[in-house]
Amino acid sequence: MMQNLIGTSEEDDNEEMGMDVKGEDDEDDEEKNFASDIMVSAEGGLETESNDARFQHQLQNQEQPSTQGGGTRRSRPLEEKERTKLRERHRRAITARILAGLRRHGNYNLRVRADINDVIAALAREAGWVVLPDGTTFPSRSQGTRPAGGVSTSAGASSSNMMPQQTPPSLRGVASGFRSTVKYNACEMRGVFVPTSSPYDVSSGSQSHSSSMVGGGGERIEDHPLVGGSIHAINNKQLGVINMKCELADPDWLLKQLRVLKSINVDGVMVDCWWGVVEAHAPQEYNWNGYKRLFQIVRELKLKLQVVMSFHECGGNFGDDVCIPLPHWVAEIGRSNPDIFFTDKEGRRNSECLSWGIDKERVLRGRTAIEVYFDCMRSFRAEFDEFFEDGVISMIAIGLGPCGELRYPSCPVKHGWRYPGIGEFQCYDQYMLKSLRKAAESRGHSFWARGPDNAGSYNSQPHETGFFCDGGDYDGYYGRFFLNWYSQVLLEHGDRVLSLAKLAFEGTCIVAKLPGIHWWYKTASHATELTAGFYNPCNRDGYAAVMLMLKKHEVALNFACTELGSMEHQEERLAALSDPEALIWQVLNAAWDVCIPVANENSLPCYDREGYNRILENAKPISDPDGRHSLSFAYHRLNPSLMERQNFMEFERFVKRMHGEAVLDVQV
């Protein structure tokens, strides 16, 4: 299968050509239109001499006038058809020899049924030009400015000095460097980081990280963050990479996206491996076929991979355009025991991920939730051992909750939440209540074994509730007990999963993702952070304990929200007492205080220079006296809007700056 994507043997070419020639005998006048889309393979090249002779012989015979009256006039349409067929076969034979020579001697990755457009595009890229999937062509940065023509469809960032020019551009990329902001997406776009023996060695790590990503290209003067894109698995009705049968949905489309991204120097790609796809039908029956093909393509294109172990469902939140549920067998268990899912005070279940209350409960056909996650991670590590050994998979992100983030699903859109609501506590399934009851009894106050009854609803504001208002119950004896227990459950869940992830992926850089919950940050209670599990009111640092837990397992931090803080939606943020800059400052400093590497990704679509500048400021703080910066940045997500000409050119400019290249500050 891969040969059909990345180039094939001469025998395969011969077989394809045989099929082409056989099919031509049944064609009619449509042959006259083939010149615009010539499909060729190598067998035509083997038959060239006989085809040439037959072509000349037939032309001579057809030029002979008919001796019978009116015969020439009646046979002329048939003669024209035969002449057109012979000319087309002759043209195909010539093209087949060209393609065979390019494959054999030029190291061009041409598919078997390549047409003349593929040949022209390959030659143009070899000459240093950028060719987009829709045919838009312009010089690379080394050849000066591009013409005013449009840029369309899809792109990512990659660096020309990452690999030799002979290799065609590929998927979504990642830029090199240590600690300066992936996913990225898909495809979303996310950053890929190549660690040294210790990802915490800030003094020496950055140099080796950069060289690892650069590969065969030239040396970089200084280290810069990796820039990458992420890829989503999606169903057959959506444009994507892996479908629900764990098959590569559209290899040709995928290769085009990878080539475009490679052309602007993205370093690698981020891929979500969905639990609901690979273990869909029965416990411990894994299907990795589609991911294996995808990873092979990425390896052939000499890109790096950052893989996300996604133990949550996709769909139902803002930005989700596909639906990937949890495994079917888990859903069956949930129908008979709905308490395996997070539950709000109204009894509504949230199937986005499993409740942390069953981390140690054997309710999943004899296994605990932690064992289920571990078995899946071990299967992945064994299945893709070669990709770990040769360094293609350079980072593993571990899904720890909804959207892969370490947080409670406190703001579910499916239950009516809308920004800037404070959300609700998710602790009302029987297993979480059991844990709360045990904590209350150990404290000597069994009547505290309940959730707050005055914390409002999903779309409440802090001042409207008795629990979160200034001087509210959140800062009373019961409030502090409850919030401490609620946040401790979050920390214990992260600790359990990451301890097993470290066993499964020993020697590989592991990363955990935190959300950027910035609304109501300027209030005393920080209500939205509290319902999400971060005990971070104005008089307490709720992120320090999280960073210590990550440090314990030598896990890097992936933090969204780095593009926020611009003037866009400023009125909404003022009304929600939002302060993304202060949140970013607190989280990054909490991580850097314990020497945790930080990766970044955007939480909202970003197409303008102001947003990109904000990302750069947070990824590579100019004023930091220690020169600390993020290890990677993942762009989330690649979509048709990004591929519009002006947006794409701004994105390419951003990738250059993330790589440390000097660019003119001229508006596109």
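Just so it is clear, the structure is predicted and the values come from calculations on it, not from any experiment. (Residues numbered from 1 in each chain as written. Predicted model: local features only at pLDDT ≥ 70, side-chain atom pairs only at ≥ 80, totals over all residues. Heavy atoms only, no water.)

**Observations regarding the packing of helix α14 (residues 430-443) against helix α15 (residues 477-504)**
Stage number 1. Packing of α14 against α15 leaves a shortest axis separation of 11 Å and a crossing angle of 130 degrees. The angle between the axes of α14 and α15 places the two elements in the oblique class. Taken as a pair, α14 and α15 cross one another with a handedness that is right-handed. From α14, M432, S435, L436, A439, A440 and R443 reach across to α15, where they touch F481, F482, W485 and V489.
Stage number 2. Residues of the contact of α14 with α15, tallied by class, amount to eight nonpolar, one polar and one charged. (Axes fitted to C-alpha atoms, helices over the stretch in contact; angles between N-to-C directions. Helix = DSSP H or I, 4+ residues; strand = E, 2+ residues; numbered from the N terminus. Parallel < 35°, antiparallel > 145°, perpendicular 65-115°, else oblique. Left-handed = near helix turned anticlockwise from the far one by under 90°. Contact = heavy atoms within 4.5 Å. Nonpolar A, V, L, I, M, F, W, Y, C, P; charged D, E, K, R; others polar.)

**Quick look at the confidence of the model for the protein**
Stage number 1. Averaged over all residues, the pLDDT of the protein equals 76, while 68% of them reach at least 70.
Stage number 2. Contacts for the low-pLDDT stretch residues 141-222, under 50 throughout, to residues beyond four places or in other chains number 400 contacts. (pLDDT = per-residue confidence, 0-100.)

**Some words on helix α20 (residues 609-619)**
Stage number 1. Among all positions of α20, only R609, G611, Y612, I615, L616, N618 and A619 are buried.
Stage number 2. Against the buried residues of α20 lie α19 (580-593), β13 (598-601), β14 (632-635) and α21 (645-658).
Stage number 3. Its side-chain oxygen 3.2 Å from the backbone nitrogen of E610, D608 forms the N-cap of α20. (Buried < 20%, exposed > 50% of the residue type's maximum accessible area, 1.4 Å probe, protein only. Polar contact = N/O pair within 3.5 Å; in protein donor to acceptor, adjacent residues only side chain to side chain.)

**Remarks on the packing of helix α12 (residues 369-383) against α15**
Stage number 1. Here α12 crosses α15 at 25 degrees, and the two axes come no closer than 9 Å. Relative to α15, the element α12 is oriented roughly parallel. Pair α12 / α15 crosses with right-handed handedness. Between α12, through I370, Y373, F374, M377, R378 and R381, and α15, the contact on the second element is made entirely by H493, R496, V497, L500, A501, L503 and A504.
Stage number 2. Of the residues contributing to the contact of α12 with α15, the split by class is nine nonpolar, one polar and three charged.

**Notes on the pairing of strand β9 (residues 349-354)**
Stage number 1. As paired strands, strand β8 (residues 341-343) and β9 are joined by three bridges and run antiparallel to one another. In the sheet register, F341 faces β9, and the bridge partner there is L354.
Stage number 2. In textbook terms, the turn of a hairpin is the stretch between consecutive antiparallel strands, and for β8 and β9 this stretch comprises five residues, one of which, G347, has a positive phi near 85 degrees. (Pairing = 2+ DSSP bridges.)

**A few points about unusual backbone geometry**
Stage number 1. Cis rather than trans, the peptide bond between Y419 and P420 has omega equal to 5 degrees.
Stage number 2. Within the secondary structure, P420 sits in the loop between β10 (393-398) and α14.
Stage number 3. For N265, which is not glycine, the phi torsion reads 75 degrees and is therefore positive.
Stage number 4. Its location among the elements puts N265 in the loop between α8 (251-263) and β6 (268-274).
Stage number 5. Residue N265 is classed as buried on the basis of its relative accessible area, which comes to 1%.
Stage number 6. Residues other than glycine seldom take positive phi values, yet W520 does so here, at roughly 65 degrees.
Stage number 7. Mapped onto the elements, W520 comes out in the loop between β11 (509-514) and α16 (527-532).

**Remarks on the nonpolar core**
Stage number 1. Judged by nonpolar contacts, the single largest core of 126 residues is most densely connected at F295 and F380.
Stage number 2. If one sorts the elements of this core by residue count, α15 sits on top with 14 residues. (Core = buried A, V, L, I, M, F, W, Y, C linked by side-chain atoms within 4.5 Å.)

**Considerations on the pattern of salt bridges**
Stage number 1. Summed over all chains, the structure comprises 26 salt bridges.
Stage number 2. Between K513 and E405 there is a salt bridge, with its nearest N and O atoms 3.7 Å apart. Linking K513 in strand β11 with E405 in the loop between β10 and α14, this pair joins segments that are 108 residues apart in sequence. Take K513 and E405: they sit in the same class, and that class is buried. (Salt bridge = Lys/Arg side-chain N within 4 Å of Asp/Glu carboxyl O.)

**Some points on the pairing of β11**
Stage number 1. Of all six residues that make up β11, six are buried, and the element is covered over most of its length.
Stage number 2. Where burial is concerned, the two faces of β11 agree: the one with C509, V511 and K513 and the one with I510, A512 and L514 are both buried.
Stage number 3. Bridge analysis of β11 against strand β12 (residues 556-559) gives four bridges, and the strand direction is parallel. When the sheet's bridge partners are listed, K513 is paired in β12 with N558.

**Regarding the packing of aromatic side chains**
Describing an aromatic ring pair means giving the distance of the ring centres and the angle of the ring planes.
Stage number 1. Tallied over the full model, the rule gives 41 aromatic pairs.
Stage number 2. Ring centres of Y286 and W288 lie 6.2 Å apart, and the angle between their planes is 20 degrees; this geometry places the pair in the stacked category.
Stage number 3. Residue Y286 is classed as partly exposed on the basis of its relative accessible area, which comes to 22%.
Stage number 4. Directly above the aromatic system of Y478 lies the positively charged group of R450, at a separation of 4.3 Å from the ring centroid. (Phe/Tyr/Trp six-rings, centres within 6.5 Å; stacked < 30°, edge-to-face > 60°. Lys NZ or Arg CZ within 6 Å of the ring centre and 35° of its normal.)

**Concerning the side chain of N243**
Stage number 1. On the secondary structure map, N243 appears in the loop between β5 (226-231) and α8.
Stage number 2. Its relative accessible area of 3% is what places N243 among the buried residues.
Stage number 3. In terms of polar contacts, N243 uses its side chain to reach the backbone amide nitrogen of K245, at 2.9 Å.
Stage number 4. A polar side-chain atom of N243 sits 2.9 Å from the main-chain amide nitrogen of E247.

**Description of the side chain of N558**
Stage number 1. Note on placement: N558 falls in strand β12.
Stage number 2. By relative accessible area, which is 4% here, N558 ends up buried.
Stage number 3. Discounting residues that sit within four places of it in the chain, N558 has contacts with V511, A512, K513, L514, A599, N600 and E601.

**Points about helix α11 (residues 328-336)**
Stage number 1. Among all positions of α11, only W329, V330, I333 and G334 are buried. Around the axis of α11, the buried residues are gathered within 145 degrees of arc, so they sit on the same side. Turned more than 90 degrees from where α11 packs its buried face, R335 and S336 sit exposed.
Stage number 2. Where α11 is buried, its residues contact α9 (275-278), β8, β9 and α12. (Arc of directions from axis to C-beta.)

**Some points on the environment of A512**
Stage number 1. Position of A512 among the secondary structure elements: in strand β11.
Stage number 2. A512 sits 38 residues away from L550 along the chain, and the two C-alpha atoms are 7.9 Å apart.
Stage number 3. Those residues in contact with A512, other than ones at most four positions away along the chain, are L400, L498, L550, V555, A556, L557 and N558.

**Topic: the environment of D429**
Stage number 1. If you trace the backbone, D429 turns up in the loop between β10 and α14.
Stage number 2. The class of D429 is buried, set by a relative accessible area of 0%.
Stage number 3. Within polar-contact distance, the side chain of D429 engages the backbone nitrogen of Y431 at 3.0 Å.

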